[in-house]
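For reference, the chains in residue letters:
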Amino acid sequence: MFLENYVKDISKQGSLEIITGSMFSGKTEELIRRLKRAKIAKQNVKIFKPDFDNRYSSNKVISHDSNKIKSISVKNSEEILQHLEKVEVVGIDEAQFFDENLYNICNELANKGLRVIVTGLDMDYEGKPFGVVPMLMASAEYVTKVHAICMECGNLAQYSYRKNQNKDLLLLGEKDSYEPLCRKCFQKNIKNL
Ligand code: ZN
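A brief structural summary. Keep in mind that what you see is a predicted model, and the values were worked out from it rather than measured.

Here we take up the pattern of salt bridges. Under the criterion given, the structure shown has 8 salt bridges. The closest approach of N and O atoms between arginine 33 and glutamate 30, which form a salt bridge, is 3.0 Å. Of the two residues, arginine 33 and glutamate 30 are both situated in helix α1 (residues 27–40); the distance of 3 residues between them amounts to about one turn of the helix. For aspartate 122, the salt bridge goes to lysine 145, with nearest N and O atoms at 2.7 Å. Of the two residues, aspartate 122 sits in the loop between β7 (115–121) and α3 (133–139) while lysine 145 sits in strand β8 (residues 142–145), which places them 23 residues apart along the sequence. In this structure aspartate 122 comes out as buried when scored by relative accessible area, which is 6%. One continuous salt-bridge network, built from bridges that share partners, spans Glu17, Glu30, Arg33, Arg34 and Arg115.

With that out of the way, let us pick up the coordination of the zinc ion. The zinc ion binds to the protein through Cys150 (SG), Cys153 (SG), Cys182 (SG) and Cys185 (SG); the donor distances cover 2.3 to 2.4 Å. Given 4 donor atoms and angles of 102 to 118° at the metal, the environment of the zinc ion is assigned as tetrahedral. Each donor residue of the zinc ion belongs to the same chain, with the gaps between them written as C-x2-C-x28-C-x2-C. Note that cysteine 153 is positioned in the loop between β9 (148–149) and β10 (156–157) and cysteine 185 in helix α4 (residues 183–191), a separation of 32 residues in sequence. Given a relative accessible area of 39%, cysteine 153 falls into the partly exposed group.

This part is about the nonpolar core. Ranked by internal contacts, the top residues of the largest apolar core, which has 23 residues, are Ile92, Leu102, Val116, Val118 and Leu136. Those elements that place two or more of their residues in this core are β1 (15–21), β6 (89–92), α2 (102–111), β7 and α3. By residue number, the principal contributor to this core is α2, which donates 5 residues. Those residues within four positions of isoleucine 92 in sequence are excluded, and the remaining contacts are Leu31, Phe48, Ile80, Phe98, Leu102, Cys106, Val116, Ile117, Val118 and Thr119. Residues Ala38, Val45, Ile47 and Val89 belong to the second largest nonpolar core, which totals 11 residues.

Among the residues making up α4, those that are buried are Cys185, Phe186 and Asn189. The buried residues of α4 occupy an angular sector of 100° when projected down its axis, which confines them to one face. In α4, the exposed positions angled more than 90 degrees off the buried face are occupied by Arg183, Lys184 and Lys191. In this structure, the buried side of α4 is in contact with β11 (159–162) and β12 (178–181).

Quick notes on the rules
Residues numbered from 1 in each chain as written. Predicted model: local features only at pLDDT ≥ 70, side-chain atom pairs only at ≥ 80, totals over all residues. Heavy atoms only, no water. Salt bridge = Lys/Arg side-chain N within 4 Å of Asp/Glu carboxyl O. Helix = DSSP H or I, 4+ residues; strand = E, 2+ residues; numbered from the N terminus. Buried < 20%, exposed > 50% of the residue type's maximum accessible area, 1.4 Å probe, protein only. Donors = N, O, S within 2.8 Å, 3.2 Å for Na, K, Ca; no water. Tetrahedral: all angles 85-135°; square planar, octahedral: opposite > 155°, others 65-115°. Core = buried A, V, L, I, M, F, W, Y, C linked by side-chain atoms within 4.5 Å. Contact = heavy atoms within 4.5 Å. Arc of directions from axis to C-beta.

Right under this line is the structure:
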């Protein structure tokens, strides 16, 4: 389990943490867990998500198991900077749907001494690197890859397999559109298309 390196002395050194993996791997639950611990440590926390991800609620990050935390919806990564007065810890959910400038913004904030925790899909439904997330992984101090369980064989899954073949990358993830698969089962299903 991820343990915070430092809690009270955050003003001296910022950092970037990435929580990534396929759909249904528990990324948002892990983000919420870390942010709740930061709040217990009396740190000023804010959470952001792209504003078109309003499948459950427009002002809360809500994970699939209904664990929730209040968040701010923003239209683009630049807008995050308008909400950071006195903030010490920044959480960002669904980073794969943000513009590429999120890379610069997260690094800028970490350089200034903030703790930045980002979740996002590392791969799209074709198994290719997804948006800004792989770039963020490259410059992060800590990368945590969480796994789902393969719906076909029960092994660890890292792919988000799209059952219907809609080519729109922004199609948001509901259980009836996607399922997590391991490498072997993902390859088998991709070949059968
Ligand atoms: Zn499998």
